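Notes for the structure review
Now for the letters of each chain:
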Amino acid sequence: MRGQVSNELLMVVGFILLLLIPLLYMMYFRMDTIKADLSVLQVHFSVARLAFLVNAVGYMGDGSAMITEIYVPENVDSITLDGNEVVFRLREAGIENEIVNPTVFAMEFDPDSEPILHEGPGAGGKKYRIEMFNQGGLIVLSPQPNPSQT
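The following paragraphs examine the structure supplied in this document. In this text, all values refer to a predicted model and were calculated from it rather than measured experimentally. (Residues numbered from 1 in each chain as written. Predicted model: local features only at pLDDT ≥ 70, side-chain atom pairs only at ≥ 80, totals over all residues. Heavy atoms only, no water.)

The next point concerns the side chain of T80. Relative to the elements of secondary structure, T80 occurs in strand β2 (residues 76-82). Taking the relative accessible area as the measure of exposure, T80 reaches 17% and is therefore buried. Polar side-chain contacts of T80 include one of 3.0 Å to the side chain of R89. (Helix = DSSP H or I, 4+ residues; strand = E, 2+ residues; numbered from the N terminus. Buried < 20%, exposed > 50% of the residue type's maximum accessible area, 1.4 Å probe, protein only. Polar contact = N/O pair within 3.5 Å; in protein donor to acceptor, adjacent residues only side chain to side chain.)

Here we come to the sheet that holds strand β4 (residues 95-102). With antiparallel pairing, the 3 strands of this open sheet are ordered in space as β2-β3-β4. In this open sheet, the two edge strands, each paired with only one partner strand, are β2 and β4. Ignoring which end each strand starts from, the neighbouring axes of this sheet average 20 degrees apart. Where strand β3 (residues 85-92) lies against β4, 8 bridges are found, and the strand directions are antiparallel. Considered in β4, the bridge of L90 is made with N97. Sheet contacts for helix α2 (residues 31-60): β2, β3 and β4; angle to β3, the most-contacted strand, approximately 170 degrees. (Pairing = 2+ DSSP bridges. Axes fitted to C-alpha atoms, helices over the stretch in contact; angles between N-to-C directions. Contact = heavy atoms within 4.5 Å.)

As summarised here, the arrangement of the 4 strands in space is β1-β6-β7-β5, forming an open sheet in which the pairing is mixed. A strand with exactly one partner marks an edge of an open sheet, and here the two such strands are β1 (65-72) and β5 (107-109). Along the sheet, successive strands turn relative to each other by an average axial angle of 30 degrees, direction set aside. For β5 and strand β7 (residues 138-144), the ladder comprises 3 bridges, and the chain directions are parallel. Residue pairing across strands places E108 opposite V140, the latter belonging to β7. Across the sheet, α2 touches β1, β5, β6 (126-135) and β7, and the angle it forms with β1 is around 175 degrees.

This part covers the environment of V87. Counting through the fold element by element, V87 comes out in strand β3. With relative accessibility at 2%, the residue V87 sits in the buried group. Residues V87 and E98 lie 11 residues apart in sequence; the distance between their C-alpha atoms is 6.4 Å. In this view, V87 contacts S78, I79, T80, D82, E98, I99 and V100; residues no more than four positions away in its chain are not counted.

Right, dumping it as structure tokens:
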């Protein structure tokens, strides 16, 4: 009877490791797929957030404004505003995709400010603060500095 608890404990730990090691092995090799799925979800969230807030600022009337913060994953190549659509172009395993969300109000980037996202591979991967301003029904988007930069 001596050492029975030790033997039982070793058996339990052995069974846990028997299940855990293959699971960790499988997760390690699926990490690229998991990262890709996560970045696509982040892009969908950012596009939906921008479109929702553009509509909100538009419905609030002339002169209304709002500042928001969005995260743009690394695989996003460009952000464009095509009339009434917010378009994020992303690259996924060599394939280019567009994530699009329509808005009720027309939008444009502020021509006097720097672009929100510089075009090209790997331009994303950080947070952006964006101000949306309603100028007579046209929503103007312009980047804003982070509070730590001011």
